[in-house]
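# Structural overview for review
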Amino acid sequence: MKKKVILVGALLVVSSHAFAQQKNESLIEEVTVASKIPQQLYKTGKNVKLLSKKDLEKFKGQNLTEVLQQVSGFHITGTSNNVQEPKSPKIRGGKLSNVLLLIDGVPVKDVTGNDYNAMDLRLLAIENVESIEVLNGASSVMYGSNAAGAVINIRTQKKAVKKVEGILSARAGSYGTFAQNALVRGNVSGLTYQVAGFNEKSDGLTSAEGQNFERDGFEKQNANAAIGYQNEKVGANLNAGWNHHFFDYDTGAFTDGMSRGDDTQKYIGGNVNFNYGKGQVVLNTRYTTTDRTIQGYTGDSFRNEYFYEGQNFFTELFNNYKLSDRFNFTVGLHHETQSMGSEALPWGGTAMEDGLKTEDTQLSNFDIFAKVSANYKGLYLDAGSRMTDHSRFGNHFVYSVNPYYLWEIETVYYKVGYSFATAFIAPTLYQSYGTLPYTLPNFDLRPETNQTHEVEMSIGKKDRSIILNAGAFITKEKDVFAYVMNPDFTGNFVNVNENEIKGLEIGLDYRINEQFKFGGNFSFVEKEREETRLRQPKQRLNSYAELTPFHRTRITLSHQFVSKRADYYFNEAFERMDVELKKYHLFNLNVNQKVGRSFELFANIGNLFNTSYTDVIGFTTKPRNYTVGFSYQL
C-alpha cells in the first residue's frame, strides 16, 4: 500500500512540474465519437482515447490489432498468433459482439459473424488510417445495438489542401511478408477526391502448434474511393470500398490442416451535412455486403464446404442544435436492415446445399434517439435515451446520464465525472437462425442487456503534453449469449444467467520536452462467472518510452504485460482440456527516420527479446520478427 501511495505522489509531482514548465497551448484536437459532432477532446464527458496521425507514426510496421492492443482496457486475442488467425477483442471484459466499429463515423458490419456483427479487423489496413478514436463504455444511446462495451471510430479521410497530393509506401518483413500502398487525393475549389489501394502477401508461419507443420499464408487487398464537396453551408461525400482476404488455416489446436478461407466485403455510402444558423443536420448511409467461403482439401484439390453471404443497410438522420454556449441537443432517426444466406456441403455429399436464404432471414430495426448537453460554471450534464423497434425482438429502451465537473485554468484542466448507461445487444442472424449442419437455430433467444456504472477523472493540459486519467466501472450483464454443444456435436446459442464485471483503468502520457515522452496504462478486470473468463486476463499493462535524439529521428520502446488467463482445447478424443495460460511480457522497438519533408524510413522489431509464450492454446505465437519500410508523400 505504501508503494502505491508513493507512486501516486510521484505522478502528482510530475504533473505539477509539467504544468509549471509548459505554458504555451497548441491546437486543441477534436473528436466526434462521443457525441457524433466535433468536440474538443478534453471536454468529452467520458475519457476518449485519441490516436492521432502523429501518435500512429510510432506504430509503423505493425497492424491494426497490434495498435489497438495499446489502448487501456483492450485485450485482442489472436493478435500474437499468425496474422490471418481470427482477432477477438475483449474490451473491459466484454466480447466482440459488444463492440461497434465505425469508419469515418458510419458503422461497418459483418452480419455473417457467428457471435458478432463487428467488421473483421483483419480486413483493414492501417496504412490509410488518419486517426483512431476509442470510446469505452456503453454507448447504445448514440449508436444502438452492439455499442455496449466500446465504439471505435477509424478515420480515413483527411481534407486535401493541394489540387493533387498523394502517398506511396511499402514494407517488407519476416515470414516473406510484403505490402504496398498508394493514395492520391486533391481539392479543387472545394471539390475533393481520394483514391487508395493496398496489397499485402505473406508466406506466414504455421498457425497450429506442432512439429513440421506447413506454413499458413495469406493475401489481402483493399481499394476505396471518395468524392465530395464542402463549403460553409453544405458538405456532401460519396464513398465506396472493397476489402479482400484470402488465407490458409489449420484444423484446430495442435492440429495441422489444409483449409482456406476467402472473404470479400464491399460497401458504398454517403454523407450529407447542412449548417444553418445555430444548427447542423447530418445524413449518413452505408450499404455493405459480405461473402465468406470456406474450402477444405480433399484428394488433390480444394472444394467449397461452407458459404455465407450477408447484406447490411444503415441510414441515420440527426440534427444538432446549439441554443447557446451552455445548452445544445441532438435528435435523430436510425434505420437498419440485415439479412444472411448460407450453403453447406453435407457430410459425405459432393455438392453444396442451401442452408439459409437471404429473403427468409431479413431483420430490421427503427430507432429514435435524443441527447441533451448542458453546462453551468464548470458543471456539465450529458443525458440521452433511445427507443429501438426491432422486427424480431420488439421494443427496447436505453438511456444514459453523465454528470461531470470540468475546471479550467488557462491551459490546464481537471475533470471528474460519473455515468450510468444501459445497453442491449440483439442476437446475430447466425445465433437466431443457425447454420446447418452443426449450429441449430434458437428462435427464443432474447437480446442481451447490461447496465454500467462508471466513475472517471482526468488531469492534464489541453495540448495533451501531459494527461493523467483513471476510472472504475461495474457492468451487470443479463441474458448473456453462450454456445452449448450437444452430444452429437451439434449446438446452439442460449441465454445464460446474470454476470457482473468490475474494472479499473489508469493511464499516463507525459511529454517532458521535445526530446522525450513516456507513458502507459494499467487495466484490471474481474468477472463474476467463471465460464465468461475465457482468455480474459485480470491485469494488463502497456508502457512506452519515446526518444527523439534528433529533430527527424524517433525511437520508441514499448512494453506489454498480460497476466494469466483461462483457456481450453479439445484433444484427439474430442475431450475438453482446460488449461491456465501463463503470464508474459513483450517488448517492441520502433525507429522512424524522416528524410526531408516528404520521405520517411521506418523499422520495427516485434517481440524484441524473442519471448516464448502462449496467446491461444494450441496455436503458435510470433517469435522475434522484423519489418522495414518507407513512405513518400507527394
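### Quick look at the overall build of the protein chain
Helix and strand counts for the protein chain come out as five helices and 36 strands. Since a compact globule built from 634 residues should have a radius of gyration of about 26 Å, the 24 Å found for the protein chain is in line with a globular shape. Projected onto its principal axes, the C-alpha coordinates of the protein chain cover approximately 75 × 60 × 55 Å. The contacts in the protein chain between residues at least 6 apart in sequence include a share of 60% that link residues at least 24 apart.

### Quick look at empty space enclosed by the protein
As enumerated under the stated definition, the model contains eleven cavities of 30 Å³ or more in all. Space inside the largest cavity adds up to approximately 590 Å³. Elements represented by at least two residues in the lining of the largest cavity include exactly β10 (165-173), β13 (216-230), β31 (553-562), β34 (584-595), β35 (599-606) and β36 (625-633). Here the residues of the lining of the largest cavity are counted per class, giving nine nonpolar, 20 polar and five charged.

### Things to note about the sheet that holds strand β9 (residues 150-155)
Reading across from one edge, β3-β8-β9-β6-β7 is the order of the five strands in this open sheet, with mixed pairing throughout. Single-partner strands in this sheet number two, and they are β3 (48-51) and β7 (106-107). In this sheet, strand β8 (residues 131-136) lies alongside β3 in antiparallel orientation, the contact comprising four bridges. Residue L50 lies in a different strand from β8, and its bridge partner there is E133.

### A look at the pairing of β9
Within β9, five of the six residues are buried, which leaves the element mostly enclosed by the surrounding structure. Taken together, the five bridges between strand β6 (residues 99-103) and β9 define a ladder with parallel strand orientation. From the neighbouring strand, L102 faces β9, where its bridge partner is N153. Taken together, the six bridges between β8 and β9 define a ladder with antiparallel strand orientation. Pairing of L135 across the sheet is with V151, part of β9.

### Some details on the confidence of the model for the protein chain
Averaged over the protein chain, the pLDDT score is 90; the fraction of residues at 70 or greater is 95%. Looking over the protein chain, one finds the lowest element-wise mean pLDDT in helix α1 (residues 2-21), namely 40, and the highest in strand β21 (residues 379-390), namely 97. Low pLDDT, under 50, characterises residues 1-26; the predicted model gives this stretch 30 contacts beyond four residues in sequence or across chains.

### Quick notes on the pattern of salt bridges
Tallying each qualifying case throughout the model produces 30 salt bridges. A salt bridge links K49 to D509; its shortest N-O distance comes to 3.8 Å. One end of the pair, K49, is in strand β3; the other, D509, is in strand β28 (residues 499-511), and 460 residues separate them in sequence. We classify K49 as partly exposed; its relative accessible area is 30%.

Parameters and conventions
Residues numbered from 1 in each chain as written. Predicted model: local features only at pLDDT ≥ 70, side-chain atom pairs only at ≥ 80, totals over all residues. Heavy atoms only, no water. Helix = DSSP H or I, 4+ residues; strand = E, 2+ residues; numbered from the N terminus. Rg over C-alpha atoms; globule rule 2.2 N^0.38 Å. Contact = heavy atoms within 4.5 Å. 1 Å grid on protein atoms, 1.4 Å probe; cavity = no way out; pocket = protein on both sides within 12 Å on 5 of 7 lines; lining within 4 Å. Points joined across faces, edges and corners; volume = space filled by probe spheres on them. Nonpolar A, V, L, I, M, F, W, Y, C, P; charged D, E, K, R; others polar. Pairing = 2+ DSSP bridges. Buried < 20%, exposed > 50% of the residue type's maximum accessible area, 1.4 Å probe, protein only. pLDDT = per-residue confidence, 0-100. Salt bridge = Lys/Arg side-chain N within 4 Å of Asp/Glu carboxyl O.

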